[in-house]
Amino acid sequence: MAAMPLQPQERVEAMDVLRGFALLGVFVVNMLFFAAPYQTTLMRPWPEAAQPWFMAFLLLFWQGKFYCLFSFLFGMGFAEQVDRLQGRGEAPGPIYRRRLTWLLVIGLAHGLLVWMGDILSIYALLGFLLLLFRTRQPRTLLLWALGLIVAPALLFAGLFLLMKLIQGIPQAATQMAEAARQQDLKVGEAVARSFRIYGHGPYGDLFWLRAKELGMNYGMTLSAAPQILAMFLLGAWTSRRGVLRNPEAHRGLISKVLGVGLAIGLLGNAFHVWCSAKGLPPRNPLALLGMAVYFFAAPALTLAYAAGILRLLQGGAAALLKPLAWNGRMALTNYLAHSLVFTCVFYFFGLGLFGKTSTAQGFCMALVLWLLQIPLSKWWLSRHTMGPAETVWRRLTYGKG
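Below is a short write-up of the structure. On a predicted model such as this, the values are computed, not experimentally measured, just so you know.

What counts and what doesn't
- Residues numbered from 1 in each chain as written.
- Predicted model: local features only at pLDDT ≥ 70, side-chain atom pairs only at ≥ 80, totals over all residues.
- Heavy atoms only, no water.
- 1 Å grid on protein atoms, 1.4 Å probe; cavity = no way out; pocket = protein on both sides within 12 Å on 5 of 7 lines; lining within 4 Å.
- Points joined across faces, edges and corners; volume = space filled by probe spheres on them.
- Nonpolar A, V, L, I, M, F, W, Y, C, P; charged D, E, K, R; others polar.
- Salt bridge = Lys/Arg side-chain N within 4 Å of Asp/Glu carboxyl O.
- Helix = DSSP H or I, 4+ residues; strand = E, 2+ residues; numbered from the N terminus.
- Buried < 20%, exposed > 50% of the residue type's maximum accessible area, 1.4 Å probe, protein only.
- Axes fitted to C-alpha atoms, helices over the stretch in contact; angles between N-to-C directions.
- Parallel < 35°, antiparallel > 145°, perpendicular 65-115°, else oblique.
- Left-handed = near helix turned anticlockwise from the far one by under 90°.
- Contact = heavy atoms within 4.5 Å.
- Core = buried A, V, L, I, M, F, W, Y, C linked by side-chain atoms within 4.5 Å.
- Lys, Arg positive; Asp, Glu negative; His and termini not counted.
- Phe/Tyr/Trp six-rings, centres within 6.5 Å; stacked < 30°, edge-to-face > 60°.

Tallied over the entire structure, the rule returns one cavity of 30 Å³ or more. Approximately 30 Å³ is the volume found for the largest cavity. Forming the walls of the largest cavity are Phe 33, Ala 36, Pro 37, Tyr 38, Trp 115, Met 116, Tyr 198, Glu 213, Tyr 347 and Phe 354. In terms of residue class, the lining of the largest cavity is built from nine nonpolar, no polar and one charged.

Turning our attention to the pattern of salt bridges. One pass over the structure, following the stated rule, counts six salt bridges. For Arg 19, the salt bridge identified is with Asp 16, shortest N-O distance 3.1 Å. With a gap of three residues between them, Arg 19 and Asp 16 both fall in helix α1 (residues 13–34), about one helical turn apart. Taking the relative accessible area as the measure of exposure, Arg 19 reaches 18% and is therefore buried. A salt bridge links Asp 184 to Arg 283, with the shortest nitrogen-to-oxygen separation between them at 2.3 Å. Of this pair, Asp 184 sits in helix α8 (residues 170–200) while Arg 283 sits in the loop between α11 (251–275) and α12 (286–314), placing them 99 residues apart in sequence. Overall, Asp 184 belongs to the partly exposed group, its relative accessible area being 37%.

Attention now goes to the packing of α1 against helix α15 (residues 331–346). Two elements in contact, α1 and α15, have axes whose closest approach is 11 Å; the angle formed by their N-to-C orientations is 25°. Classed by the angle they form, the pair α1 and α15 counts as roughly parallel. Here the hand of the crossing between α1 and α15 comes out right-handed. Here α1 contributes Arg 19, Leu 23, Val 26, Phe 27, Asn 30, Met 31 and Phe 34 to the contact with α15, which in turn contributes Ala 331, Asn 334, Tyr 335, His 338, Ser 339, Phe 342, Thr 343 and Phe 346. Residue composition of the contact of α1 with α15, grouped by class: nine nonpolar, five polar and one charged.

Attention shifts here to the nonpolar core. Counting residues in each nonpolar core, the largest one holds 103 residues, and the members touching the most others are Trp 62, Phe 66, Leu 69, Phe 74, Phe 232, Leu 244 and Phe 346. No other element matches the 16 residues that α1 contributes to this core. Apart from residues no more than four positions distant in its own chain, Trp 62 is found in contact with Leu 24, Gly 25, Val 28, Val 29, Phe 57 and Phe 363.

This paragraph deals with the side chain of Arg 210. For Arg 210, the position within the fold is in helix α9 (residues 203–222). Of the buried charged residues, Arg 210 lacks a salt bridge, with Glu 213 as the closest side chain of opposite charge at 8.3 Å. In contact with Arg 210, not counting residues within four places along its chain, are Gly 111, Leu 112, Leu 113, Val 114, Trp 115, Met 116, Tyr 198 and Tyr 203.

On to the packing of aromatic side chains. Under the definition given, this model contains 30 aromatic pairs. A centroid spacing of 5.4 Å and a plane angle of 80° characterise the contact between Phe 133 and Trp 144, whose relative ring orientation is edge-to-face. On the criterion of sequence distance, the pair formed by Phe 133 in the loop between α6 (120–130) and α7 (138–167) and Trp 144 in helix α7 is long-range, its members being eleven residues apart. Given the relative accessible area of 8%, Phe 133 is considered buried. When the centroid spacing of 6.3 Å and the interplanar angle of 40° are considered together, the rings of Phe 342 and Phe 346 count as tilted. Here Phe 342 pairs with Phe 346, and both are found in helix α15, just four residues apart, close to one helical turn. Grouping residues by exposure puts Phe 342 and Phe 346 together as buried. Taken together through their ring pairs, the aromatic side chains of Phe 21, Phe 54, Phe 57, Phe 61, Trp 62, Phe 66, Tyr 305 and Phe 363 make up a single cluster.

A few words on unusual backbone geometry. In this structure, the amide linkage connecting Gly 201 to the following residue, Pro 202, adopts the cis form with an omega of 5°. Relative to the helices and strands, Pro 202 is located in the loop between α8 and α9. Look at the link from Pro 281 to Pro 282: it is a cis peptide, with omega at 5°. Along the polypeptide, Pro 282 turns up in the loop between α11 and α12.

Structural data, given as structure tokens:
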């Protein structure tokens, strides 16, 4: 039997709803990097932001939680596809490798030609590692996921202790202070360069700056590779358990994840935000301890969000949430579209609003685009089985329409 892509009747609606919800979080966080130099968010203390408490709100509830949610759904989709192919007597490896290869190409094109914040390529690269786990038992998936979360947390905790010891050495403390000063100078130069090029061009300079920042973005994202792979495995485990296909049968598990995830996630992320209030190392070694806690606090809050959506889908809010499935069915198209829209809004070749909007205004803009995509996705899907980007990806993967 020839390999066939996922058919509409085989879709899991709860997964599409979660994808639609995850898009909102991705849009909100990415606005921080569309609207201003990424260094102003990642490399400066959040209390120095123009709207510090709104920035703290984004760091606490949004940043880092939604790429985790997409990672969770990516792993779940992997497991669903492997099971479906094996059920048809097909070898999943070649098809899945081809699918990931084309996702890598799409991601690189997105990053080089549209926006430096691409994450599709990282998902594709790490997705190849998932093939090593396709025949593993659910318990093995859980143990690996736990190890991938705990290991970097322990590493950052160890780095924090090491830096505190070094700070006790007078000569080392002087060197760290000088390193912090040099870091501030480099950040200032990078911010000025971003304002000049993204705000005024020319396009050739923009292309090369975007390419350089894309490499930095990939490097920083790969530093979170253990966390992303852990969420892949948790998603695969969830699929094997059939949680989203039959959430009512797993109501107890969902409730536990919601309660424990909220407790750990809120406390841990609040601690991370507090630790990062004075900036990054070497000026602020406490940020390393905050990162150690963040490595398990962010996934905990992510899983709580997913569990909360599932509980709402089981209750009276189902009718309100189900339209998010339209966005979710076109997640790739809508993700690429948000990059096209916001680069045109902020860069010099469009409206030129780079550095001219507040954090709260950016949040509202992200929300508006996300809301607009719901009826647009519904309209498109009433005429087509999938989004335009999904159609291209399918044809590249399967060689058919």
